[in-house]
There are 2 protein chains.
Amino acid sequence: MAVLEELAPLLNQKYTLKSAMKLALQLAEQGVGYVEPNPPVGCVLLSKDNALIGYGHHQQYGKAHAEVNAIDSVSDKKLLEQAQMIVTLEPCGHFGKTPPCKQILHQYNFSRLIYAVSDPNPLFDDQGLKDIEARGTVVEQNTFGLETDIKNVLDKYLFLAKSKKSYITLKMATTLDGYLAAKSGESKWLSNEKSRFYTHRLRNGHDAVLVGKNTFLIDNPSLNVRYLESELIRENKVILIDTQLETIPLLEQSNLLKSHSSENIFIVTNKKTADYKTVNYEMNKHGQIDLNVLRQNLFELGIKSVLVEGGAHTLSQFLQQQAFNCIKNFITPYLLGDQLGLSWTSDLSISEFKDKISLKKSHLIKFDDDILYSAFLE
Amino acid sequence: MAVLEELAPLLNQKYTLKSAMKLALQLAEQGVGYVEPNPPVGCVLLSKDNALIGYGHHQQYGKAHAEVNAIDSVSDKKLLEQAQMIVTLEPCGHFGKTPPCKQILHQYNFSRLIYAVSDPNPLFDDQGLKDIEARGTVVEQNTFGLETDIKNVLDKYLFLAKSKKSYITLKMATTLDGYLAAKSGESKWLSNEKSRFYTHRLRNGHDAVLVGKNTFLIDNPSLNVRYLESELIRENKVILIDTQLETIPLLEQSNLLKSHSSENIFIVTNKKTADYKTVNYEMNKHGQIDLNVLRQNLFELGIKSVLVEGGAHTLSQFLQQQAFNCIKNFITPYLLGDQLGLSWTSDLSISEFKDKISLKKSHLIKFDDDILYSAFLE
């Protein structure tokens, strides 16, 4: 049985190694939206007899790593003697914005180091781990069966370590029965304040937000990152699918241009425009923009992760072409009914029941009566 | 932040009183489907210094109550001296199938008794609690802000303590985008084995399962309780909405009659039939069966709780008339698309976005990649 439980780490509480890794993953998740393009990482420190003595997570890009924050949380450093470190990702072994964590670990006599995922970054080798082992620390890689939680925090980082196309997250807020808005276009915010705050964390965690032309025309959205503390906000790009440049006359007075410099607005078109950046596209055999080619083009422009925020036609196209990695569906406690409601899969055309799209590794976060349901294509 | 956590009570673990009540509610939930018409109840025992020393739940109708199971789980009864009992519902004070729990509590010197909800049953008075207090036990009623979890396990019991109409649970298994099946009627089980097992617990926890005529004709369902151990299975009634008795010629050869005696099949009709029981109905001003009147009629027949299992037309009618208490939506990790999919709210007619139905106190249980989303009308 699995039920919702609040995160409430209590110092001196006994933890199993698995529950410590679960806690580390929950801590890692608190970095989502703040640490990118770094991976979100969480770290838990247990005493030799498995009592919680400290914990921490990577809180902001360029700032201290999870391991350092966990160590810093322990005021009596004597407690670290023979302690056990449980961390979601292999400690880094290179000088970046901060010194390598593996070197820092050398300052303490940990009895054990467990990490869930090996770092795929080729900058890292395992010499650092061998050095740690040589000092008597037992080093172990173990996921404890927590693959779903691991995927939820690390999928983007791991995908981009090996892929040359953008990581695509489809995001939508819907009623429980799957509607984005009224078919007439009428819409109000469905999601609650906590969900909207998290949406801005998601925007901040992706290199760009993408919308179709209709969303721009109907909603006049800003699509910038708000709510977060200003020093945490990353430069935010916007991608607008508008092959015929129909939005150009309206862009100048739009909320989009009030909240973004024109340098950060990319229009998907093969036409030329002097005022905005453009992204070229190709048509597929069905006469639609080939979104998998588009992902490569975006990647080449340095846009490595994209949050697709709608509308229904655009979301359906990414689904239809299976050109996405992750779905993040804020499910809100409302029912709109099929007669009034506009489904977020309104343009998804599947011919037979057996051809339905299967998602994997669903993960939930509850924001009061809203839930964030995440799942993956692979 | 709230995230999914597995239930893993560890003896000797320290608990806050709130986390102990949360655990008690998780334990109570394990009785759903097995204890009805009793309420599901969970009980946690902490030492004076808040270490977990025992726990239990009401496991089966007619068997020991949660408090007794919790006490029995403590092998060294000396640990109970000055222990704290945290229980989801006020301990019972009357002789039923088992002796009153309040009397049993007198055998131990608990330092504290905390219960989340007062028992609304008029058989119970608070003299028992006063007697316990007189022995030096601090008695306190406290929900710890866990109203959602409380509602999830006790809503039916509390509703039936004061209402003269049936408690209605709408149950459906859908794709993530809200579809029950293909519009053509083609359907396969969407939900996984754990979800289906829980569905049978839900059937067992309600007095009857209700379906519309079309579901009977298309699916030829059995609608009995399977999977559970046979000694746990309650007598299971079926209600079939078929005002014109169109199903009568087919019933005899149906799976429904293979798995139920005709005494347990109730047809909603104002016509007469010799072979089955009938439930009368009234029409409302929109020319539809008045489902709130039907709830009263069912209650008078002794059918106090009903699990409505479809199809789309029937579910939509209960929604339209707001004639339900609880929705239990198994959300499965599939996408079917609006063009092929049959929405479970296909016949729900809402005229404006602002008139959408608002649900309350959403609660989640995760069954691998399926989730059970529960929420309430009030």
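The structure displayed is predicted, hence computed values, not measured ones.

1. Notes on the overall build of chain A
Then step 1. For chain A, the count of helices and strands is 11 helices and 19 strands.
Then step 2. Compactness check: chain A gives a C-alpha radius of gyration of 22 Å against a globular reference of 21 Å for 378 residues, within 12% of the reference.
Then step 3. Based on the C-alpha atoms only, the size of chain A along its principal axes is roughly 65 × 45 × 40 Å.
Then step 4. Within the span of chain A, comprising 378 residues, buried residues form 49% of the whole.
Then step 5. Expressed as a percentage of contacts within chain A between residues at least 6 apart in sequence, the contacts between residues at least 24 apart total 73%.

2. Some thoughts on the environment of Glu-235 of chain B
Residue and element names in this part refer to chain B.
Then step 1. Looking at the element boundaries, Glu-235 is found in the loop between α7 (213-219) and β10 (237-241).
Then step 2. Judged by the 12 C-beta atoms lying within 10 Å of it, Glu-235 falls in the exposed class.
Then step 3. When the C-alpha atoms of Glu-235 and Asp-207 are compared, they prove to be 7.9 Å apart, with 28 residues separating the residues in sequence.

3. Regarding the relation of the copies chain A and chain B
Then step 1. After a rotation of 180° and a shift along the axis of 0.0 Å, chain A superposes on chain B with an RMSD of 0.0 Å. The superposition of one copy onto the other is thereby described by a two-fold rotation axis.
Then step 2. A symmetric contact is evident, with 100% of the interface residues of chain A recurring at the interface of chain B.

4. Re the sheet that holds strand β3 (residues 52-57) of chain B
Sheets are built from strands that pair by backbone hydrogen bonding, the pairs being arranged parallel or antiparallel.
Residue and element names in this part refer to chain B.
Then step 1. Spatially, five strands are ordered β3-β2-β4-β5-β6 in an open sheet, and the strand pairing comes out mixed. Each edge of the sheet is formed by a strand with only one pairing partner; in this case those strands are β3 and β6 (138-141). The average undirected angle you get between the axes of adjacent strands in this sheet is 15°.
Then step 2. Sitting on the sheet, helix α1 (residues 17-29) touches β2 (42-46), β3, β4 (84-89) and β5 (112-117), and the angle it makes with β2 is about 145°.

5. Digging into the interface of chain A and chain B
Then step 1. In this complex, chain A contributes 56 residues to the contact, which on the side of chain B involves 56 residues.
Then step 2. If you list the elements that add at least two residues to the side of chain A that touches chain B, you get β1 (2-6), α1 (17-29), β15 (334-335), β17 (357-358), β18 (360-367) and β19 (370-376) of chain A.
Then step 3. It is β18 of chain A that contributes the most residues to the side of chain A that touches chain B, six residues altogether.
Then step 4. Residue classes in the side of chain A that touches chain B are distributed as 26 nonpolar, 16 polar and 14 charged.
Then step 5. Note: β15 of chain A against strand β17 (residues 357-358) of chain B, two bridges, orientation antiparallel. Counted as the bridge partner of Tyr-334 of chain A is Ser-358 of chain B from β17 of chain B.

6. Focus: unusual backbone geometry
Then step 1. Here the bond from Glu-36 of chain B into Pro-37 of chain B is cis, since omega is 5°, no more than 30 degrees from zero.
Then step 2. Locating Pro-37 of chain B in the fold gives a position in the loop between α1 and β2.
Then step 3. Following Gly-310 of chain B, the chain continues to Gly-311 of chain B via a peptide bond in cis, the omega torsion being 0°.
Then step 4. Mapped onto the secondary structure, Gly-311 of chain B falls in the loop between β13 (305-308) and α11 (312-320).
Then step 5. Unlike most non-glycine residues, Leu-245 of chain A shows phi in positive territory, near 55°.
Then step 6. Structurally, Leu-245 of chain A is set in the loop between β10 (237-241) and α8 (248-251).
Then step 7. Positive phi, close to 50°, is recorded for Gln-322 of chain A, a residue that is not glycine.
Then step 8. With respect to the secondary-structure elements, Gln-322 of chain A resides in the loop between α11 (312-320) and β14 (326-332).
Then step 9. What makes Gln-322 of chain A exposed here is the crowd of 11 C-beta atoms within 10 Å.

7. Thoughts on the domain arrangement of chain A
Residues and elements named next belong to chain A.
Then step 1. When cut into domains, chain A gives domain 1 (17-152) and domain 2 (163-376).
Then step 2. The gap between the C-alpha centroids of domain 1 and domain 2 is 33 Å.
Then step 3. Listed by partner, the interface residues are 10 residues for domain 1 and nine residues for domain 2.
Then step 4. Grouping the constituent residues of the side of domain 1 that touches domain 2 by class yields two nonpolar, four polar and four charged.

8. Overview of the sheet that holds strand β4 (residues 84-89) of chain A
Residues and elements named next belong to chain A.
Then step 1. Sheet architecture is open: five strands sit in the order β3-β2-β4-β5-β6, paired in mixed fashion. Only two strands of the sheet have a single neighbouring strand rather than two, namely β3 (52-57) and β6 (138-141). Shown here is a sheet whose adjacent strand axes are inclined to one another by a mean of 15°, direction ignored.

9. Details of α1 of chain B
Residue and element names in this part refer to chain B.
Then step 1. In this model α1 runs 18 Å from its N-terminal to its C-terminal C-alpha over 13 residues, within 8% of the 18 Å that 1.5 Å per residue would give.
Then step 2. Burial runs high along α1: 11 of the 13 residues are buried.
Then step 3. Burial in α1 covers these residues: Ser-19, Ala-20, Met-21, Lys-22, Leu-23, Ala-24, Leu-25, Gln-26, Leu-27, Ala-28 and Glu-29.

10. Quick notes on helix α6 (residues 193-205) of chain A
Then step 1. Helix length check: α6 of chain A, at 13 residues, gives a terminal C-alpha distance of 18 Å against a target of 18 Å (1.5 Å per residue), a fit within 8%.
Then step 2. Residues of α6 of chain A that are buried include every one of Ser-195, Tyr-198, Thr-199, Arg-203, Asn-204 and Gly-205 of chain A, and no others.

11. Some details on the pairing of strand β13 (residues 305-308) of chain A
Residue and element names in this part refer to chain A.
Then step 1. Both faces of β13 are covered, namely the face carrying Ser-305 and Leu-307 and the face carrying Val-306 and Val-308.
Then step 2. Here strand β7 (residues 167-175) pairs with β13 via four bridges, running parallel. Across the sheet, Leu-170 pairs through a bridge with Val-308, a residue of β13.
Then step 3. When strand β9 (residues 208-212) meets β13, the two strands line up parallel, connected through three bridges. Across the sheet, Leu-210 pairs through a bridge with Val-308, a residue of β13.

12. Concerning the packing of α1 of chain B against helix α5 (residues 147-160) of chain B
Residue and element names in this part refer to chain B.
Then step 1. For the pair α1 and α5, the least separation of the axes is 10 Å and the interaxial angle reads 25°. Judged by the inter-axis angle, α1 sits roughly parallel to α5. The crossing of α1 and α5 is left-handed. Between α1 and α5, the residues in contact are Lys-22, Leu-25, Ala-28 and Glu-29 and Asp-149, Ile-150, Asn-152 and Val-153, respectively.
Then step 2. Class assignment for the residues of the contact of α1 with α5 results in four nonpolar, one polar and three charged.

13. Some remarks on the confidence of the model for chain A
All names here are of chain A.
Then step 1. Put simply, chain A has an average pLDDT of 92, and 96% of its residues get 70 or more.
Then step 2. Here residues 1-6 is modelled with pLDDT under 50, and outside its nearest four sequence neighbours on either side it reaches 17 contacts, counting other chains as well.
Then step 3. With a pTM of 0.94, the predicted complex shows an ipTM of 0.93.

14. Some details on the environment of Val-139 of chain A
All names here are of chain A.
Then step 1. As for its position among the elements, Val-139 is in strand β6.
Then step 2. Along the sequence, Val-139 and Leu-129 sit 10 residues apart, while their C-alpha atoms lie 7.3 Å from each other.
Then step 3. Apart from the residues within four sequence positions on either side, Val-139 is in contact with Leu-113, Leu-129, Ile-132 and Glu-133.

Conventions used here
Residues numbered from 1 in each chain as written. Chains lettered and ligands numbered in written order. Predicted model: local features only at pLDDT ≥ 70, side-chain atom pairs only at ≥ 80, totals over all residues. Helix = DSSP H or I, 4+ residues; strand = E, 2+ residues; numbered from the N terminus. Rg over C-alpha atoms; globule rule 2.2 N^0.38 Å. Buried ≥ 20, exposed ≤ 12 C-beta atoms within 10 Å, placed from the backbone. Contact = placed C-beta atoms within 7 Å. Least-squares fit on C-alpha atoms with pLDDT ≥ 70 in both. Pairing = 2+ DSSP bridges. Axes fitted to C-alpha atoms, helices over the stretch in contact; angles between N-to-C directions. Nonpolar A, V, L, I, M, F, W, Y, C, P; charged D, E, K, R; others polar. Domains from an automatic or database assignment. Expected span 1.5 Å × (residues − 1). Parallel < 35°, antiparallel > 145°, perpendicular 65-115°, else oblique. Left-handed = near helix turned anticlockwise from the far one by under 90°. pLDDT = per-residue confidence, 0-100.

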